[in-house]
Amino acid sequence: MSANRRFRNVTRIGPVQVATSYDGRGREKHTAACTAPRCGFSADYDSRAAAELAARTHTCSVR
């Protein structure tokens, strides 16, 4: 199942991008996703602070 999301308020913290979007039920979600090759880290959070904290503390396992 693919999600067609419109991301807004996109910021970059190191290799991780944090963005805000709405999920399929109209609730606001915040996503943190690493852009490093072969990392694969991404997660959805209910608050922007949690997503930014995950971005700041993320360490890529692939280096």
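Residues numbered from 1 in each chain as written. Predicted model: local features only at pLDDT ≥ 70, side-chain atom pairs only at ≥ 80, totals over all residues. Heavy atoms only, no water.

## What about the side chain of threonine 20?
Here is step 1: As for its position among the elements, threonine 20 is in strand S2 (residues 16-22).
Here is step 2: The exposure class assigned to threonine 20 is buried, which follows from its relative accessible area of 2%.
Here is step 3: Within polar-contact distance, the side chain of threonine 20 engages the side chain of arginine 48 at 3.0 Å.
Here is step 4: Dropping the residues within four chain positions of it, threonine 20 is found in contact with Arg6, Phe7, Arg8, Asn9, Glu28, Lys29, His30 and Arg48. (Helix = DSSP H or I, 4+ residues; strand = E, 2+ residues; numbered from the N terminus. Buried < 20%, exposed > 50% of the residue type's maximum accessible area, 1.4 Å probe, protein only. Polar contact = N/O pair within 3.5 Å; in protein donor to acceptor, adjacent residues only side chain to side chain. Contact = heavy atoms within 4.5 Å.)

## Some words on the pattern of salt bridges
Here is step 1: Under the defined criterion, the tally for this structure stands at five salt bridges.
Here is step 2: Of the charged contacts in the structure, one is a salt bridge between glutamate 28 and arginine 8, with a shortest N-O distance of 2.7 Å. Remark: arginine 8 occurs in strand S1 (residues 8-13) and glutamate 28 occurs in strand S3 (residues 28-34); sequence separation between them is 20 residues.
Here is step 3: For glutamate 28, a relative accessible area of 37% translates into the label partly exposed.
Here is step 4: By relative accessible area, arginine 8 is classed as partly exposed at 36%.
Here is step 5: Linking lysine 29 and aspartate 46 is a salt bridge whose minimum nitrogen-to-oxygen distance equals 2.5 Å. Here lysine 29 is found in strand S3, whereas its partner aspartate 46 is found in the loop between strand S4 (42-45) and helix H1 (48-57), with 17 residues between them in sequence.
Here is step 6: Look at lysine 29 and you get buried, because its relative accessible area is 19%. (Salt bridge = Lys/Arg side-chain N within 4 Å of Asp/Glu carboxyl O.)

## Remarks on H1
Here is step 1: Of the residues making up H1, those classed as buried are Arg48, Ala51, Ala54 and Ala55. Viewed along the axis of H1, the buried residues span an arc of 125 degrees, placing them on a single side of the element. Structural note: H1 exposes Ala49, Leu53, Arg56 and Thr57 on the side pointing more than 90 degrees away from its buried face. (Arc of directions from axis to C-beta.)

## Topic: the nonpolar core
Here is step 1: Core analysis: the biggest nonpolar cluster contains eight residues, these being Val16, Val18, Ala32, Cys34, Cys39, Ala51, Ala55 and Cys60.
Here is step 2: Of all the elements in the fold, those that place two or more residues in this core are S2, S3 and H1. (Core = buried A, V, L, I, M, F, W, Y, C linked by side-chain atoms within 4.5 Å.)

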